Amino acid sequence: MSGSLEVRVTQPETDVKTTVTLCTLGVGATFGESILQDLPRDTTVVTQTNCELLRVEQQDFKLIWEKNRELMNDLVSNCKLKNGFGSGMSGKGMNHSGSSTPRRSLSPDQPNPAEPITDQPSQAIGRIGWALRILLLSQNTCLKDRKVSGRLVRRCAPGTELVEWLMNLSPGIHSRPQAAGMWQALLEEGVISHVSKEQPFKDKCFLYRFWQDEEGATALPPSEDIATAEDQLMENLGTLVNRGPDAYLRMILRKQGHERTADDLEIIYEELLHIRALSHLSNSVKREIASVIVFEAHPKAGTVLFHQGDEGRSWYIIVRGSVDVVIHGKGTVNTLHEGDDFGKLALINDAPRAATIVLRENNCHFLRVDKENFNRILRDVEANTVRLKEHGKDVLILEKITSNTKQVFSSHFKYTVMAGTPQKMLEHLLETRLDGRGTMGGGDNFIIATAQDPFLDDFLLTHIVFLPTHQLVEELDKYYNIDYSNQDKEFILACKRRVIQFVYRWVTTIRHPVFEDDIAVEFLEDLAHGLENDSTQFNSLQEEASLMHHVMSQLRRYQEDRKAHEGQKWKLPPLGQPISLFSTGDDTNRTIIMPQDDIIFRVYCADHTYCTLRLPIDSTAETIKLVAADKLKIREDELLLVEVKSNGERMVFRDDDISIPTALTINGRIFVSPKEHLDALTCLNEQEEATQGIEGDIEMFGTKELAYYMTLFDWELFWCVHEYELLYHTFGRHHFGQITANLDVFLRRFNEIQFWVVTEICMMSSLSKRVAVLRKFIKLAAYCREFQNLNAFCAIVMGLSNVAVSRLSNTWDKLPSKFRKLFTEFESMIDPSRNHRAYRVSVGKLQPPVVPFMPLLLKDMTFTHEGNKTSLDGLVNFEKMHMLAQTMRTIRFCRSRHLVLDPPSPKSEGEVKSYISCLRVIDNQRILTSMSQKLEPRRS
């Protein structure tokens, strides 16, 4: 209001601290807007004369900001410029004597999403920006000279028009947010920018321009440049499509916490689920972190992030690049890479930094959580946690569902379960998630409640990990037959209703594994009988009687179906294992492989003599070993059951392992051997040859026809896989005594297709035929993607990426450029970086039915299992169960609709079906590479 003030900063120069005046503030100036970011003051402001000031408290300032964000943005931008903190002075400031001194920007800890994250664009992004600008200028569309605040801005365009233009270029750009992310990928590397450098890319009327036009370039592009840009267009768009989601994520992470929308927070949260450094934290903590974690980029190697002895202000996670950990007197003691974190110890202990962190390479990216937020989140988590104790010990840990959780829960679901004893969790579930008043009835309300709160569904999908079925039915029986003495009639009725509703949901969710368990079946029959008696005593149990009737009808139907398939046998052929030959020998639809089904297979000994066995699929390795040893007349005490793979590798089975024949690799064989003779086991000659597939030339069949019948075949295999098999596979079959045969066969199909692709190409001696087959496989992958058979799509692309194929440069050179570009797009879709982000983004847009990329689902299950303890302080870690159930629900979602495809024109239906179900495959990489080198010898 009156007077003047000096803005000063203290900087160390050698051992002396020097105070530098950055600028002087006069009447009308404003300062202190850093309170928005909850950061310490980075300068000192001193009065030079008597001063009168107007002051706004932080709480009020934030409230005004929330209500008037756009106006306040302009105000703060003007503040920075008036006070000497504008972008034009970000590198150096002038002190009172006129000498130049390095200084910090206003808020070095708060990244600005409108600014680039690199010193200069990468070669690929620079080329793409050049091509898009050429095309925009040649079409004379939205890049125009416009007046902004009274000044002329050359060649700029609104974000809305740029998005529309990009969407019109390719049908592969499906949505406006996707196109906006692609433009943001250009903005974050400085290829385009907001005309005032104040906004990231937004699908709004904000104006943006290319960097060339900032320098006043006026010439129109020559025709040669236009032709080049048009030739590169599809390849450039493919690159941008893949980079867009990451750029969009980085833009969100550079927003201030209060600017992030609910959708922004959900995107960040989903990314945090796959970060190793956060895997030990609960999902609710990750949701809290999503609102405060920020992205930080440093372009230059050698940059010091912080020094040893500095105050600990932030916790860092490396997203890209690497850093050296340097300690005085010791030098570099460690190198940290992508996925590692550092800086937490200083925050937890409130101690100085124990080491200096130096960037090892250019363009390092970090995620950062600042100290105040770090401490607050840990404090808030404890405040929102409720612990139920019995006999002085925790038996149930609940966490309050916070308002920033995106899911909408019913009003009575105030808490979510974090951990507990199995019995207490079941009791809590029955009393809070199931209605004891008889109004739910298993109908729509029941389903809606489950969708809103996944606790019940999580419990049903994962209880076998912590509460085996025999213990579960024992607890349910106790709850149903609760002691009647001194109990209110309504309470007794409520207990009975809850158990019936639970059982109904259990049977409809889990299906046949419940009916395969003798103890569960006995419980269901007793429960049905008990309910029948109770219905005569309590008239109000009619709804529950109807539900139980439905359950028992399902049981009877299952038992009749099993009786019809009794004695079913599966055959494991001696010369390789094409999928189709896991069959009952009839032509009907596939049936699920059950534990008691018989399988016929061979067991070899060291001299390659063998016996043929017929045993149930759930036979243990020990049973197979003893029966085979008896037939082969091996009289040794210490015997091993071993798989010998086609590359000579040996894998010893545990005695309690099951599903042995179905779990073999494509050309694997089962051997029985004395322990001391293990090293003498060698693979059979036939293992190094192709499996005995159906004779036929792939060129005889139409590509779309092949994709169609492959998808139908793969869908049948996928349909047979039960969600529980993912748990058995992840935790180990021996822990449950359950088979994974259907999952094994589906996984084998993936490997079979992958190596079939390599085998077919490497067995093609003619260059012209090899090019034709290569082109056919790329088209086949495209049709599989169109039919949403992602398992086959990924298998084909991985097969084409195999070194035995990728090294065939003469073959690839002869391939038309259109197919090379298409394959590049496919490769980028299955790129494993950022936890297969490109694939996940693509799949997230699909609707069922989908045949998913099963190896990735198993990878997610393994990541969750190995990164999270099953038990914490004697309690079940239910957060882990929720994460496992999320992956298992993906399977249910993918087949929530039946597969219906328009069949291609019938030409040779029988031949195609036989061909795709029995492929010839070599799975020995050494042999495939050798074949490839004979086709195209290595260049000297």
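Residues numbered from 1 in each chain as written. Predicted model: local features only at pLDDT ≥ 70, side-chain atom pairs only at ≥ 80, totals over all residues. Heavy atoms only, no water.

You'll find the protein chain entered in an unreviewed UniProt entry as Rap guanine nucleotide exchange factor 4, with Dendroctonus ponderosae given as the organism. The heading Sequence similarities (unreviewed entry) in the UniProt record of the protein chain holds the text "Belongs to the RAPGEF2 family." (UniProt positions renumbered as here; feature names shortened; annotations may be inferred.)

Q: How should the overall build of the protein chain be read in this particular structure?
A: Scanning the protein chain for helices and strands turns up 34 helices and 28 strands. Per-residue burial over the protein chain gives 51% buried out of 940 residues. For the protein chain, the proportion of contacts with a sequence separation of at least 24, taken over those separated by at least 6, is 70%. (Helix = DSSP H or I, 4+ residues; strand = E, 2+ residues; numbered from the N terminus. Buried < 20%, exposed > 50% of the residue type's maximum accessible area, 1.4 Å probe, protein only. Contact = heavy atoms within 4.5 Å.)

Q: Explain a nonpolar patch on the surface here, please?
A: Nonpolar side chains collect at one region of the surface, where Phe 31, Val 45 and Leu 53 lie side by side and expose about 250 Å² of accessible area between them. Within the fold, Leu 53 resides in the loop between β3 (44–47) and α1 (58–67). (Patch = residues over 30% accessible without salt bridge, like charges linked within 9 Å, V, L, I, M, F, W, Y side chains within 5 Å. Areas by Shrake-Rupley, 256 points an atom, 1.4 Å probe, with all protein chains shown as cover. Salt bridge = Lys/Arg side-chain N within 4 Å of Asp/Glu carboxyl O.)

Q: What is the right way to read the environment of Gly 26 from this model?
A: In this structure, Gly 26 sits in the loop between β2 (16–25) and β3. On the basis of relative accessible area, Gly 26 is assigned to the partly exposed category, the value being 38%. Spatially, the C-alpha atoms of Gly 26 and Leu 5 are 6.8 Å apart, while their sequence positions differ by 21 residues.

Q: I keep staring at the side chain of Glu 752 and nothing clicks. Help me out?
A: With respect to the element layout, Glu 752 can be found in helix α24 (residues 741–762). Polar contacts involving the side chain of Glu 752 include one to the side chain of Arg 749, which spans 3.0 Å. (Polar contact = N/O pair within 3.5 Å; in protein donor to acceptor, adjacent residues only side chain to side chain.)

Q: Which parts of the structure should I look at to understand the sheet that holds strand β16 (residues 356–359)?
A: Two pairing modes exist for strands in a sheet, parallel and antiparallel, and in both the strands are linked by backbone hydrogen bonds. On the basis of which strands lie adjacent, the open sheet formed by four strands has the order β11-β16-β13-β14 and antiparallel pairing. In this open sheet, the two edge strands, each paired with only one partner strand, are β11 (304–306) and β14 (331–336). Neighbouring strand axes in the sheet, compared pairwise and without regard to direction, differ in orientation by 30° on average. Note that strand β13 (residues 323–327) and β14 share five bridges and pair antiparallel. Bridge pairing in β14 links Val 326 to Thr 332. (Pairing = 2+ DSSP bridges. Axes fitted to C-alpha atoms, helices over the stretch in contact; angles between N-to-C directions.)

Q: Mind showing me how you'd approach the packing of helix α8 (residues 262–272) against helix α9 (residues 283–290) here?
A: Two numbers describe a pair of packed helices, the interaxial angle and the distance between the axes. Direction vectors running N to C along α8 and α9 enclose 130°, while the axes themselves pass 9 Å from each other. In terms of orientation, α8 and α9 fall into the oblique class. When you trace α8 past α9, the crossing you get is right-handed. Contacts between α8 and α9 involve Leu 265, Glu 266, Ile 268, Tyr 269 and Leu 272 from the first element and Asn 283, Lys 286, Arg 287, Ile 289 and Ala 290 from the second. Looking at side-chain class alone, the contact of α8 with α9 contains six nonpolar, one polar and three charged residues. (Parallel < 35°, antiparallel > 145°, perpendicular 65-115°, else oblique. Left-handed = near helix turned anticlockwise from the far one by under 90°. Nonpolar A, V, L, I, M, F, W, Y, C, P; charged D, E, K, R; others polar.)

Q: Just checking my understanding: could you explain the packing of aromatic side chains for this structure?
A: What describes a pair of aromatic rings is the distance from one ring centre to the other and the angle between the planes of the rings. The tally for this structure, following the rule as stated, stands at 31 aromatic pairs. Pairing Phe 306 with Phe 342 gives two aromatic rings, centres 6.1 Å apart and planes at 50°, and the pair type is tilted. Of the two residues, Phe 306 sits in strand β11 while Phe 342 sits in strand β15 (residues 341–342), which places them 36 residues apart along the sequence. Assessed through its relative accessible area of 10%, Phe 306 is described here as buried. For Phe 342, a relative accessible area of 7% gives the class buried. Ring centres of Tyr 604 and Tyr 610 lie 5.4 Å apart, and the angle between their planes is 50°; this geometry places the pair in the tilted category. An aromatic cluster is present here, built from Trp 165, Trp 183, Phe 201, Tyr 208 and Phe 210 joined pairwise through their rings. Just above the ring of Tyr 269 sits the side chain of Arg 287; from NZ or CZ to the centre is 3.8 Å. (Phe/Tyr/Trp six-rings, centres within 6.5 Å; stacked < 30°, edge-to-face > 60°. Lys NZ or Arg CZ within 6 Å of the ring centre and 35° of its normal.)

Q: Hey, could you run me through the nonpolar core in this one?
A: What tends to happen in soluble globular proteins is that the nonpolar side chains get buried as a cluster. Grouped together as the largest cluster of nonpolar side chains are 161 residues, with contacts concentrated most on Phe 502 and Trp 756. If one sorts the elements of this core by residue count, α24 sits on top with 13 residues. Residue contacts for Trp 756: discarding those within four places in its chain leaves Ile 698, Met 710, Phe 777, Leu 780, Tyr 915, Leu 919, Arg 920 and Val 921. Of all hydrophobic cores here, the second largest spans 34 residues; its members include Leu 137, Leu 187, Phe 201 and Ile 226. (Core = buried A, V, L, I, M, F, W, Y, C linked by side-chain atoms within 4.5 Å.)

Q: Explain the pairing of strand β6 (residues 144–148) to me, please; I cannot follow it from the model alone.
A: Within a regular strand, the side chains alternate between the two sheet faces. As paired strands, β6 and strand β7 (residues 151–158) are joined by four bridges and run antiparallel to one another. Bridge pairing in β7 places Lys 147 opposite Leu 152. Connecting the antiparallel pair β6 and β7 is a turn made up of two residues, with Ser 149 showing a positive phi of about 50°.

Q: So what exactly am I meant to see when it comes to the pattern of salt bridges here?
A: Opposite charge on two side chains lets them pair, provided their charged atoms get close. Counted under the stated rule, the structure contains 49 salt bridges. With its nearest N and O atoms 2.5 Å apart, the salt bridge here joins Arg 368 to Glu 296. Taken together, the residues Arg 368 in strand β17 (residues 364–370) and Glu 296 in strand β10 (residues 294–298) connect sequence positions 72 residues apart. For the pair shown, Arg 368 and Glu 296 are each scored as buried. The salt bridge involving Glu 688 is made with Arg 926; its shortest N-O contact spans 3.5 Å. Of the two residues, Glu 688 is situated in the loop between β26 (669–674) and α21 (703–719) and Arg 926 in helix α34 (residues 925–935); the sequence distance between them amounts to 238 residues. Residue Arg 926 is classed as exposed on the basis of its relative accessible area of 55%.

Q: Please explain the sheet that holds strand β28 (residues 875–877) as it appears in this structure.
A: Taken in spatial order, the five strands line up as β18-β19-β20-β28-β27 in an open sheet, and their pairing is antiparallel. The open sheet terminates on both sides in strands that have one partner only, identified here as β18 (385–390) and β27 (871–872). Pairing analysis gives six bridges linking β18 to strand β19 (residues 393–400), with the strands arranged antiparallel. Residue Glu 390 lies in a different strand from β19, and its bridge partner there is Lys 393.

Q: Explain helix α25 (residues 767–786) here, please?
A: Within an α-helix, residues lying three or four positions from one another point in the same direction, as the helix has 3.6 residues per turn. The end-to-end C-alpha separation of α25 is 29 Å, in line with the 28 Å expected for 20 residues at 1.5 Å each. Among the residues of α25, those classed as buried are Arg 770, Val 771, Ala 772, Val 773, Leu 774, Lys 776, Phe 777, Ile 778, Leu 780, Ala 781 and Cys 784. Where α25 terminates, the next one or two residues include Gln 788, which has phi positive at roughly 65°. (Expected span 1.5 Å × (residues − 1).)

Q: Would you take a moment to explain a negative patch on the surface for this structure?
A: Residues Glu 474, Asp 477, Asp 518, Glu 522 and Asp 526 make up a contiguous surface patch of negative charge. Counting only elements with at least two residues in the negative patch, the list comes to α15 (469–480) and α18 (518–537). Using a relative accessible area of 64% as the deciding quantity, one classes Asp 518 as exposed. (Lys, Arg positive; Asp, Glu negative; His and termini not counted. Charge placed at Lys NZ, Arg CZ, Asp CG, Glu CD.)

Q: Looking at this structure, how should I read the packing of helix α14 (residues 455–466) against helix α16 (residues 489–510)?
A: Axis separation between α14 and α16 bottoms out at 10 Å; the angle between their running directions is 60°. As judged from the angle between their axes, α14 and α16 are oblique. Handedness of the α14/α16 crossing: right-handed. Between α14, through Leu 456, Asp 457, Phe 459, Leu 460, Leu 461 and His 463, and α16, the contact on the second element is made entirely by Phe 502, Arg 505, Trp 506, Thr 509 and Ile 510. Considering only residue class, the contact of α14 with α16 consists of seven nonpolar, two polar and two charged.

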